[in-house]
Structure formats: C-alpha cells, structure tokens
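Take a look at the letters that make up each chain.
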Amino acid sequence: QKRNEAEFPPIIDLYVEVENAAGEKVVLSWGEIYYPVHRHEIIIATRVRRIVPSKTKELWPMPVNSKLVVAADLFTERNIENPVKITVKSNTVNYKIDRQIPEMYSKKVDFMIKDKLARTISVVETDWTPLTYGHVFYGRGMGIHGTTPFTGVLFREVALPIYPVSQKNLRTGLIITAGLDGYRGVYSYSEVFNRNDQAELMLSPRTDVVKEGAFMLFPSMDFFRAGFAK
C-alpha cells in the first residue's frame, strides 16, 4: 500500500516509525532495516544478559521493559522502552520523474531544509577530508557491479553545519536525496550522522564523468546499493 507507488514503485523511499507506550516516536529508514551489511542489529529486545566489568565488578541496573535497540547508533536516542506501535510510511516529498534525460549531469548539489535552499556546493572544498573505500558493489537487479574503490568525502562532514545534531533530529530526522531523474532514497538522520561503526555515507565527486555526475552518493553501510544515487 505504498502511497506513491504509481509515481515511484521502488521501496527505498519508505521509512518506519516506532512509537512506545509513553508516546515517544523514532524513525528508521527502510534501507537500514533491510539492506545493511551487518544484519539483524535492529531488534526489539525482550531479555538482556548482565555484563559485569572484570575490574570494578559493578552491577549496572537491569532493564525490566522491552526496548528498541539500534546497535549501530553512537548515541542511543532511538533505543526507546516498551515499543507498542510500528508504522510503515511513504516519503511525502514529490519529485518529477524523467527517465529520458540524455545526459543526467548536474554540476551542483542543493541542500534543502524542507522547501528552503540552505546551501549549494559545486566543488569539493579543500578542508574536507578525502577518503577511499574499497567495497564489493552489489545491486538488487543486476548483481555484482565490481570492486572498484570509491573516493570522496563524508556526507556528514559536508552536511552537519546545515543539519545540526539534536535529540529531535537523532530520533525523527529524515534525509531525502534525489537525482535529476527523480530517483530518490530516504535515510534516517541517525543512520547518517550517528554511527558507531565507521560505515559512512560518502559524497563522491566525479567531475571527469560528463554524462553521470558530477556528484554521487555511496552508502557504504548498505549491502545492496539501492541508495546509490547521482
């Protein structure tokens, strides 16, 4: 029952809202639940085993309620107690679909806050730290795409000044990305800005590729590169 299925059939712009008995809500992207490299690390925990530090022997208080656990989060704002409701939602931002663009090339990336332009970038700035990730690239439709390394900068390094960390953002923030052809994906804010596993979303500049680019998103945290976008 995807709300925008007629316009955009792929499921990668879905997200999941989890609510607990106290009315607290958090969001998870469809991709971080179903496409991660490290699977089964988002759970509703019903039991817990005590871990006793070998030196201090300190006995930490044991939880008594069930809890949503998102293992990749650095700050555990999404680990809410006693979840009682799960709702799958469709992205509500509409983008025009155009699959006939002869040369899908954009020299810039616009960063929006809702419908307002916050920043535009057209080059990689010198103070951003370049990184290279070696990855096996799998797609859902055509299988393995090769093992070519991806070079770029951390998306969070570019975007953090625009989308600052707050409890609200860590719990319910969403990042929606879209290409010129209307292909889009949804990431939760914590999925991008709040990781403890160094599996990052990369913004890869490709100024030498005149028909596809000049920027590409590479989600290293995903097994299937469904969030791979230009």
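Residues numbered from 1 in each chain as written. Predicted model: local features only at pLDDT ≥ 70, side-chain atom pairs only at ≥ 80, totals over all residues. Heavy atoms only, no water.

Peer 1: Go over the overall build of the protein, please, and point to the residues and values.
Peer 2: Check the secondary structure of the protein and you find four helices and 17 strands. The globule rule puts the C-alpha radius of gyration for 230 residues at 17 Å, and the 19 Å found for the protein is close to it. Taken along its principal axes, the extent of the C-alpha atoms in the protein is 60 × 45 × 35 Å. The buried share of the protein, reckoned over its 230 residues, is 40%. On the protein, roughly 13,800 Å² of surface is accessible, and the fraction owed to carbon and sulfur atoms is 54%. Across the protein, the centroid of the 30 positively charged side chains sits 4 Å from that of the 26 negatively charged ones. (Helix = DSSP H or I, 4+ residues; strand = E, 2+ residues; numbered from the N terminus. Rg over C-alpha atoms; globule rule 2.2 N^0.38 Å. Buried < 20%, exposed > 50% of the residue type's maximum accessible area, 1.4 Å probe, protein only. Areas by Shrake-Rupley, 256 points an atom, 1.4 Å probe, with all protein chains shown as cover. Lys, Arg positive; Asp, Glu negative; His and termini not counted. Charge placed at Lys NZ, Arg CZ, Asp CG, Glu CD.)

Peer 1: Just give me the short version of the pattern of salt bridges, but keep the residues and values in it.
Peer 2: Evaluated as defined, the whole model comprises eleven salt bridges. With a closest N to O distance of 4.0 Å, Arg184 and Asp13 form a salt bridge. Here Arg184, found in strand E14 (residues 184-188), pairs with Asp13, found in the segment before strand E1 (14-20); they are 171 residues apart in sequence, far enough to count as distant. Judged by its relative accessible area of 1%, Arg184 is buried. Between Arg171 and Glu24 there is a salt bridge; the shortest N-O distance is 3.1 Å. (Salt bridge = Lys/Arg side-chain N within 4 Å of Asp/Glu carboxyl O.)

Peer 1: Go over the side chain of Glu32, please, and point to the residues and values.
Peer 2: The topology assignment puts Glu32 in helix H1 (residues 30-34). From its side chain, Glu32 meets the backbone nitrogen of Ser29 in a polar contact 2.9 Å long. In this view, Glu32 contacts Val27, Ile42, Arg78, Ser188 and Glu191; residues no more than four positions away in its chain are not counted. (Polar contact = N/O pair within 3.5 Å; in protein donor to acceptor, adjacent residues only side chain to side chain. Contact = heavy atoms within 4.5 Å.)

Peer 1: Requested: an account of a nonpolar patch on the surface, with residues and values cited.
Peer 2: Taken together, the side chains of Val37, Val136, Tyr138, Ile144 and Phe223 make up a nonpolar region of the molecular surface, amounting to roughly 400 Å² of accessible area. The topology assignment puts Val136 in the loop between strand E9 (131-133) and strand E10 (137-139). (Patch = residues over 30% accessible without salt bridge, like charges linked within 9 Å, V, L, I, M, F, W, Y side chains within 5 Å.)

Peer 1: Let's hear about the sheet that holds strand E12 (residues 150-154): which residues, and what values?
Peer 2: Read across the sheet, four strands follow the order E9-E12-E15-E17 without closing on themselves; strand pairing throughout is antiparallel. In the strand order of this sheet, the two ends are held by E9 and strand E17 (215-219), each with one partner. Sheet twist, expressed as the mean angle between neighbouring strand axes with direction ignored, is 45°. Alignment of strand E15 (residues 201-205) against E17, held across five bridges, turns out to be antiparallel. Considered in E17, the bridge of Leu201 is made with Pro219. (Pairing = 2+ DSSP bridges. Axes fitted to C-alpha atoms, helices over the stretch in contact; angles between N-to-C directions.)

Peer 1: Just give me the short version of the layout of surface pockets, but keep the residues and values in it.
Peer 2: Put simply, the largest pocket is a space of about 1,300 Å³. Along the walls of the largest pocket sit 41 residues, with Tyr95, Met112, Tyr163, Ile176 and Thr177 positioned nearest its centre. Of all the secondary structure elements, the ones that give two or more residues to the lining of the largest pocket are strand E7 (109-113), helix H3 (167-172), strand E13 (174-178) and E17. Considered class by class, the residues forming the lining of the largest pocket number 24 nonpolar, ten polar and seven charged. (1 Å grid on protein atoms, 1.4 Å probe; cavity = no way out; pocket = protein on both sides within 12 Å on 5 of 7 lines; lining within 4 Å. Points joined across faces, edges and corners; volume = space filled by probe spheres on them. Nonpolar A, V, L, I, M, F, W, Y, C, P; charged D, E, K, R; others polar.)

Peer 1: Now, about the nonpolar core: what can you tell me, with residues and values included?
Peer 2: Across soluble globular proteins, you tend to see nonpolar side chains buried next to one another. Judged by nonpolar contacts, the single largest core of 23 residues is most densely connected at Phe111, Ile121, Phe155, Tyr163 and Phe193. Once residues within four sequence positions are removed from consideration, Phe193 is found in contact with Phe155, Arg156, Ala159, Leu160, Tyr163 and Ile175. (Core = buried A, V, L, I, M, F, W, Y, C linked by side-chain atoms within 4.5 Å.)

Peer 1: Pulling in residues and values, what's your account of the environment of Gly31?
Peer 2: Here Gly31 is to be found in helix H1. Residue Gly31 is classed as buried on the basis of its relative accessible area, which comes to 11%. Each C-alpha atom, one on Gly31 and one on Ile113, is 22 Å from the other, the two residues being 82 residues apart in sequence. Beyond its immediate sequence surroundings of up to four residues, Gly31 is in contact with Pro36 and Asp222.

Peer 1: Now, about the pairing of E1: what can you tell me, with residues and values included?
Peer 2: Counting buried positions over the seven residues of E1 gives seven, a clear majority of the element. Two elements, E1 and strand E5 (residues 83-90), share seven bridges in a ladder whose sense is antiparallel. Across the sheet, the residue bridging to Glu17 is Thr87, located in E5. Relative to strand E2 (residues 25-29), E1 runs antiparallel, the two being bridged by five bridges. Bridged to Val18 within E2 is Val26.

Function cannot be read off these values alone, since they describe shape.
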